[in-house]
Each structure stands twice: as C-alpha cells, then as structure tokens.
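So you can see what is in the structure, the chains are spelled out below.
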Amino acid sequence: MGFMAFGSSGLLGILSLVLFLQTVFKSEKSKTEPLFSGYLWKRVLFVLIALLIYAKLMPVVGYLIGTFLLMSLLFWIVRGQKWWCVLVSSFLTTFATYYVFSIWLNCQFPEGLLGF
C-alpha cells in the first residue's frame, strides 16, 4: 500500500545524501551570490496574486471561464505572447485540463453562474 511513498522517499534520501557528499568533498570554492538575485519579483508576486484571485473567484464564475481568464492573463502578462497566441493557448490549456480531470478522471468542478 505504501510502497510508492516509501520507494520515492528512499530514492530522494539517497540522492540527497549523494549531493551532500559531492558538496562536502568538492575541492574548489565557488563564488557566492545572493540567494534571490536575478529573479523577477514583480512577476512572481503577480502570479501569486492572480492565483489567489482565481481561487476566490472560481466557485463564482466556474472552472472553464475562470481557468480561461487566468491562463489568458498568465500567457499575456508573464510570457508576453501575441493576443491570438494567448487566446489559442488559453483555450487549448483550459479544455485539455477539463477533459483530463472532469471527463476522464470524473472530478467535479464548480459550475459557476452560467452553468458550465
């Protein structure tokens, strides 16, 4: 019953030990950089806020509309794609996830105001 959890945690532990030993016995010193340098913090904050709004609005607007709007926003703002590519990517992503989770795996999603 718990073989997958035990096996994956054992493999993760072994790989962690190997990485730790490689770091300890490494002879050359690496130059240190600040931990969070080079990240685009405005985009990270924007994605977090968008996900929080999505989680609050999904029961109201429904899965299909909410996910389409979220994916459109993320593809447009974060990736900076063209509008036609944003719409096609959002449409394909929304309906692919809907098909896999709702139809294939029989998960229930909130219907929202329009009933879908």
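The rules behind the values
- Residues numbered from 1 in each chain as written.
- Predicted model: local features only at pLDDT ≥ 70, side-chain atom pairs only at ≥ 80, totals over all residues.
- Heavy atoms only, no water.
- Helix = DSSP H or I, 4+ residues; strand = E, 2+ residues; numbered from the N terminus.
- Expected span 1.5 Å × (residues − 1).
- Buried < 20%, exposed > 50% of the residue type's maximum accessible area, 1.4 Å probe, protein only.
- Axes fitted to C-alpha atoms, helices over the stretch in contact; angles between N-to-C directions.
- Parallel < 35°, antiparallel > 145°, perpendicular 65-115°, else oblique.
- Left-handed = near helix turned anticlockwise from the far one by under 90°.
- Contact = heavy atoms within 4.5 Å.
- Nonpolar A, V, L, I, M, F, W, Y, C, P; charged D, E, K, R; others polar.
- Core = buried A, V, L, I, M, F, W, Y, C linked by side-chain atoms within 4.5 Å.
- Bend = angle between axes of the 7 residues up to and from the residue.
- Phe/Tyr/Trp six-rings, centres within 6.5 Å; stacked < 30°, edge-to-face > 60°.

Peer 1: Let's hear about helix α1 (residues 3-24): which residues, and what values?
Peer 2: Quick reminder: α-helices carry 3.6 residues per turn. Residues three or four places apart thus point the same way. An ideal rise of 1.5 Å per residue puts 32 Å on 22 residues; α1 measures up with 31 Å between its terminal C-alpha atoms. Where burial is concerned, little of α1 is hidden: zero out of the 22 residues are buried.

Peer 1: Describe the packing of helix α2 (residues 41-61) against helix α3 (residues 63-78), naming the residues involved and giving the relevant values.
Peer 2: For the pair α2 and α3, interaxial distance at closest approach is 9 Å and the crossing angle is 165°. One way to sum up the angle between α2 and α3 is to call them roughly antiparallel. Every pair of crossing elements has a handedness; the one defined by α2 and α3 is right-handed. Contacts from Arg 43, Phe 46, Val 47, Ala 50, Leu 51, Tyr 54, Met 58 and Val 61 in α2 reach Tyr 63, Ile 65, Gly 66, Thr 67, Leu 70, Leu 73, Leu 74, Ile 77 and Val 78 in α3. Residues of the contact of α2 with α3, tallied by class, amount to 14 nonpolar, two polar and one charged.

Peer 1: Outline the nonpolar core, supporting the account with residue identities and numerical values.
Peer 2: Counting residues in each nonpolar core, the largest one holds seven residues, listed as Ala 50, Tyr 54, Met 58, Tyr 63, Leu 64, Leu 70 and Leu 74. For this core, the secondary structure elements donating two or more residues are α2 and α3. Per element, the largest residue contribution to this core is four residues, and it comes from α3.

Peer 1: Outline α2, listing residues and values.
Peer 2: The end-to-end C-alpha separation of α2 is 29 Å, in line with the 30 Å expected for 21 residues at 1.5 Å each. Roughly 35° is the biggest bend found in α2, and it falls at Ala 55, with proline Pro 59 one to four residues downstream. Contact partners of the buried residues in α2: α3. Residue Gly 62 follows α2 closely and has a positive phi angle near 95°.

Peer 1: Tell me about the packing of aromatic side chains, and please be specific about residues and values.
Peer 2: A ring pair, where both rings are aromatic, is described by two values, the distance of the centres and the angle of the planes. Summed over the entire model, instances satisfying the criterion amount to four aromatic pairs. For the ring pair Tyr 63 and Phe 109, a centre distance of 3.9 Å and an interplane angle of 10° mean the geometry is stacked. Of the two residues, Tyr 63 sits in helix α3 while Phe 109 sits in the segment after α4 (83-104), which places them 46 residues apart along the sequence. Overall, the relative accessible area of 8% leaves Tyr 63 in the buried class. Where Phe 91 meets Phe 95, the ring centres are 4.7 Å apart and the plane angle is 50°; that geometry is what we call tilted. Residue Phe 91 and its partner Phe 95 are located together in helix α4, separated by four residues, close to a single helical turn. One aromatic cluster is present, formed by Tyr 63, Tyr 98 and Phe 109 through successive ring pairs.

Peer 1: Pulling in residues and values, what's your account of the packing of α3 against α4?
Peer 2: Taken N-terminus to C-terminus, the directions of α3 and α4 make an angle of 140°; their axes are 8 Å apart at the nearest point. Judged by the inter-axis angle, α3 sits oblique to α4. In the packing of α3 onto α4, the handedness of the crossing is right-handed. Residue-level inspection shows Tyr 63, Leu 64, Thr 67, Phe 68, Met 71, Ser 72, Phe 75 and Trp 76 of α3 in contact with α4, the latter providing Val 86, Leu 87, Ser 89, Ser 90, Phe 91, Thr 93, Thr 94, Phe 95, Thr 97 and Tyr 98. By residue class, the composition of the contact of α3 with α4 is eleven nonpolar, seven polar and no charged.

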